[in-house]
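Summary of the model geometry
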Amino acid sequence: MPPLRSLALAALVLVACQGAGALLARLAPLPIAGPVLGLLLAVALLHRRRDRLGALPAVADGLHRQLPLFFVPAGTAVVAWLPTLGREWRPIAVALVVSTLVGLVVTALVMQRLSAATTDERGDPAAAPRA
Amino acid sequence: MMGDRALLASVGDTILACTATVAAYAIGRALQRAAGGTPLVNPVLVAMALLGGALHVAHIDPARYAAGSRPIQLLLGTATVAFAVPLVRQTTTIVRHRRALLTAILAGGTASALTAVGLVHALGASDVVGRTMIPKSITAPIAMGIAERVGGVPALAALFTITTGVLGASIGGALLDRLRLRAPMVRGVALGTAAHGIGAAAAFVEHPVAGAFAGLALALHGVLGAVVMPVIVRLMTR
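Here, residues in each chain are numbered from 1, in the same order as that chain's written sequence. For this description, chains carry letters from A and ligands carry numbers from 1, given in the order in which they are written. pLDDT decides what is reported in this predicted model: residues at 70 or higher carry local features, side-chain atom pairs at 80 or more are listed and counted, and totals for whole chains, interfaces and linings draw on all residues regardless. To obtain the side-chain values, all non-hydrogen atoms of the structure were included, while hydrogens and water were left out.

Notes on the overall build of chain A
- Across its full length, chain A carries 6 helices and 0 strands.
- Secondary structure follows DSSP: runs of H or I at least 4 residues long count as helices, runs of E at least 2 residues long count as strands, and numbering of each begins at the N terminus. Counting from the amino terminus, chain A carries its helices and strands in the arrangement α-α-α-α-α-α.
- When the 131 residues of chain A are sorted by exposure, 43% land in the buried category.
- By definition in these notes, contact holds between two residues if any of their heavy atoms fall within 4.5 Å. For chain A, long-range pairs separated by at least 24 residues make up 53% of all intrachain contacts whose partners lie at least 6 apart in sequence.
- Methods summary: accessible areas were calculated by the Shrake-Rupley approach with a probe of 1.4 Å, and residue burial reflects only the protein chains presented. Carbon and sulfur atoms form 66% of the exposed surface of chain A, whose accessible area is close to 6,800 Å². For every residue, the accessible area (1.4 Å probe, protein chains only) is compared with the maximum for its type, and the residue is labelled buried under 20%, exposed over 50%, or partly exposed between those bounds.

Some points on the overall build of chain B
- Along the backbone of chain B there are 12 helices and 0 strands.
- Along chain B, helices and strands appear, N-terminal first, in the series α-α-α-α-α-α-α-α-α-α-α-α.
- For 238 residues, the compact-globule estimate of 2.2 N^0.38 gives 18 Å, and the C-alpha radius of gyration of chain B, at 19 Å, lies within 12% of that figure.
- Here the C-alpha coordinates of chain B stretch approximately 60 × 50 × 40 Å along the principal axes.
- Looking at chain B alone, contacts between residues at least 24 apart form 63% of all its contacts between residues at least 6 apart.
- Just so you have it, chain B exposes about 10,200 Å², and 67% of that area is on carbon and sulfur atoms.
- We treat Lys and Arg as the positive residues and Asp and Glu as the negative residues; His and chain ends play no part in the count. For charged residues, the charge sits on one atom: NZ in Lys, CZ in Arg, CG in Asp, CD in Glu. For chain B, the centre of its 18 positive side-chain charges and the centre of its 7 negative side-chain charges are spaced 14 Å apart. What the globule rule says is 2.2 Å times the number of residues to the power 0.38, and the radius of gyration is computed from C-alpha atoms.

Things to note about the interface of chain A and chain B
- The interface of chain A with chain B comprises 80 residues on the first partner and 99 residues on the second.
- Counting the surface lost from both chain A and chain B, the interface buries some 7,800 Å², and carbon and sulfur atoms represent 80% of this.
- Here, a salt bridge means any Lys or Arg side-chain nitrogen found within 4 Å of an Asp or Glu carboxyl oxygen. Where chain A packs against chain B, one counts 0 salt bridges.
- Polar contact criterion, stated in full: a pair of N or O atoms within 3.5 Å, where within protein one must be able to donate a hydrogen and the other to accept it, and residues adjacent in sequence count only if both atoms are side-chain atoms. Summed over the shared surface of chain A and chain B, the result is 8 residue pairs in polar contact (both at pLDDT 80 or more).
- Counting only elements with at least two residues in the side of chain A that touches chain B, the list comes to α1 (7–27), α2 (34–46), α3 (56–65), α4 (67–70), α5 (72–76) and α6 (82–115) of chain A.
- Ranked by the residues each element gives to the side of chain A that touches chain B, the list is headed by α6 of chain A, at 26 residues. A quick way to say it: buried area is the sum, across both parts, of accessible area lost when two parts are put together, with a 1.4 Å probe.

Section: the side chain of T84 of chain A
- Among the structural elements, T84 of chain A can be located in helix α6.
- Given the relative accessible area of 10%, T84 of chain A is considered buried.
- If we skip the residues at most four places from it in the chain, T84 of chain A touches S126 and V129 of chain B.

Some thoughts on helix α4 (residues 70–81) of chain B
- A helix is expected to reach a length of 1.5 Å times the quantity of its residues less one. With 12 residues, α4 of chain B extends 17 Å between its outermost C-alpha atoms, agreeing within 8% with the 16 Å of an ideal straight helix rising 1.5 Å per residue.
- Every buried residue belonging to α4 of chain B is among I72, L76, G77, T78, A79, T80 and V81 of chain B, and all of these are buried.

Considering the environment of V15 of chain A
- Along the chain, V15 of chain A turns up in helix α1.
- As for V15 of chain A and A116 of chain A, which are separated by 101 residues in sequence, their C-alpha atoms are 40 Å apart.

What about the packing of helix α11 (residues 184–206) of chain B against helix α12 (residues 208–236) of chain B?
All names here are of chain B.
- Two elements in contact, α11 and α12, have axes whose closest approach is 6 Å; the angle formed by their N-to-C orientations is 75°. The pairing of α11 with α12 is recorded here as roughly perpendicular in orientation. Residues P184, M185, G188, V189, G192, T193, H196, G197, A200, A203, F204 and E206 of α11 touch α12, and the partners they reach there are P208, V209, A210, G211, A212, F213, A214, G215, A217, L218 and H221.
- Looking at side-chain class alone, the contact of α11 with α12 contains 14 nonpolar, 8 polar and 1 charged residues. All axes here are fitted lines through C-alpha atoms, helices being fitted over the stretch that makes contact, and every angle between N-to-C directions spans 0 to 180 degrees. Here the angle decides the label: under 35 degrees means roughly parallel, over 145 means roughly antiparallel, 65 to 115 means roughly perpendicular, and every other value means oblique. The classification used treats Ala, Val, Leu, Ile, Met, Phe, Trp, Tyr, Cys and Pro as nonpolar, Asp, Glu, Lys and Arg as charged, and all other residues, Gly among them, as polar.

Remarks on the pattern of salt bridges
Residue and element names in this part refer to chain B.
- Evaluated as defined, the whole model comprises 4 salt bridges over all chains.
- The salt bridge involving D177 is made with R187; its shortest N-O contact spans 3.0 Å. With D177 in helix α10 (residues 154–178) and R187 in helix α11, this pair connects stretches of sequence that are 10 residues apart.
- A residue is classified by how much of its surface remains accessible, and R187, at 7% relative accessible area, is buried.

Some words on α6 of chain A
- Its 34 residues place the ends of α6 of chain A only 43 Å apart at the C-alpha level, less than the 50 Å of an ideal helix rising 1.5 Å per residue.
- Where α6 of chain A bends most, the angle comes to about 75°, and this point is E88 of chain A, followed within four residues by the proline P91 of chain A. The angle between axes fitted to the seven residues ending at a residue and the seven residues starting there is what we call the bend at that residue.

Focus: the layout of surface pockets
- Put simply, the grid is 1 Å and covers the protein atoms alone, a cavity is a trapped set of points that fit a 1.4 Å probe, a pocket is an open set with protein on both sides within 12 Å along at least five of seven lines, and lining residues have an atom within 4 Å of a point. Grid points are joined across faces, edges and corners, and a volume is the space filled by probe spheres set on the points. What the largest pocket holds in volume is close to 1,200 Å³.
- Every residue lining the largest pocket is counted, 44 residues in all, and those nearest its centre are H64 and R65 of chain A together with G197, A200 and A201 of chain B.
- Sorting the residues of the lining of the largest pocket by element identifies α3 and α4 of chain A together with α1 (4–34), α2 (43–57), α5 (84–89), α10, α11 and α12 of chain B as the ones contributing at least two each.
- Per element, the largest residue contribution to the lining of the largest pocket is 8 residues, and it comes from α11 of chain B.
- Of the residues contributing to the lining of the largest pocket, the split by class is 26 nonpolar, 12 polar and 6 charged.
- Lining the second largest pocket are 22 residues, and of these P35 of chain A together with R70, Q73, G77 and E148 of chain B sit closest to its centre.

A closer look at the side chain of E88 of chain A
- Checked against the element boundaries, E88 of chain A lands in helix α6.
- Buried and unpaired, E88 of chain A has no salt bridge, with R87 of chain A as the nearest side chain of opposite charge at 4.6 Å.
- With sequence-adjacent residues up to four places away left out, E88 of chain A is seen in contact with A125, S126 and V129 of chain B.

Following this line, the structure appears as C-alpha cells:
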C-alpha cells in the first residue's frame, strides 16, 4: 500500500473495506453485518502499518464527528413503530433505565477490580490511549 | 432501466431528503447548544421528531424518504468501518489492559443486555421489542445491524441506543461518584461500554483520559457485540 498522504486515498481505503465487507456479508452465510466485516478487514489490513496511517486518523475523526447525523435516516423509520411504542412504553422505559444503570455499575466495578493491580488510584495517564 | 423522468424524480428526492436530513440535524445541534450542551436535548432525537412530523404532515411515504436519504445511510457504513482506525492506533493500550478491558466490557455488556431483555419480557412487551433490546448499549450504527440480524428492528434499535446513551451520560457521572469510582480509566470504560458515543462525550468533558478510554471501550464493545450477539441468539433459537 502507498503512503496514505491524501485524504481521498485514505477515504478510499475505508470505502474499499466497506465494499468488501458488504460483498462478504452477501456471499458468506455469516451472522455479522457487512460494515462490521469491513471494520475487521480494515483492522487486519492496517494493523501492520499502524504507525504510518497517514491521513486515515483525520478521515476517521471527521466521519466520527458527524456520526450522529448518519443514523438520522434509519432512525426516522421509527415513525412506523409509534403504535408499538405507545402500547409498550412502560416496559421499554423501565428496561432502558435499569439496564443502563446495571451496565454502568457492572462495567465500572469489574474494571476497578481488574485494573487496580496495574494502575494507581487516579488511573495511569501514561498508559492512556491517544484521544 | 429508469426513464428520464423517473431518474429526475429520484435525483430530486435524493437532494430533498438529504437536505432535509442535514437541516433537521443542524436544528437539533443548535437546540442542544442553546440548552447549554446538555445530553438531554439530543440532536438525533430532535431530527427524528422533525423529519417524522414533516413526513406525516406532508403525507410522504417513509419508504420514499428512506430511498432518498440512501447516500447518508451509506456514510453510516463508512463511519462504522472507520472504527478500525482508533482500534489499530490504540493496539498498545488494548494489549496492555487486555484482561481488564475485555472482561469489564463483556461483563457490563452482557449484564446490560440480559437485564434489558429480561425486564421487557417480564413486563409483557412483545418479542420483537425484546430482540431489539439486545444491542441497546452498543453504538447505534453497529446496533442497528445487530438488531436486524437477531430479529429486531433497526429503527427501534436506534431509538433504544440513543435513549440509553442519553440516560448513561446524564446520570452516569453521579452514579459512579456515589460508588466512589474515581479513576478516569474506570469511569471512561464504564461510560463507553454502557452508553457508547453519548457516554464517551460526557467522559471527555470529565477528563481526557476518561474520554479516550470511553472511545476505546465503545469500539471494542461494538466489535465484540457484532460478532457474539447474533451467534448466541442463533444458537439459542435453534
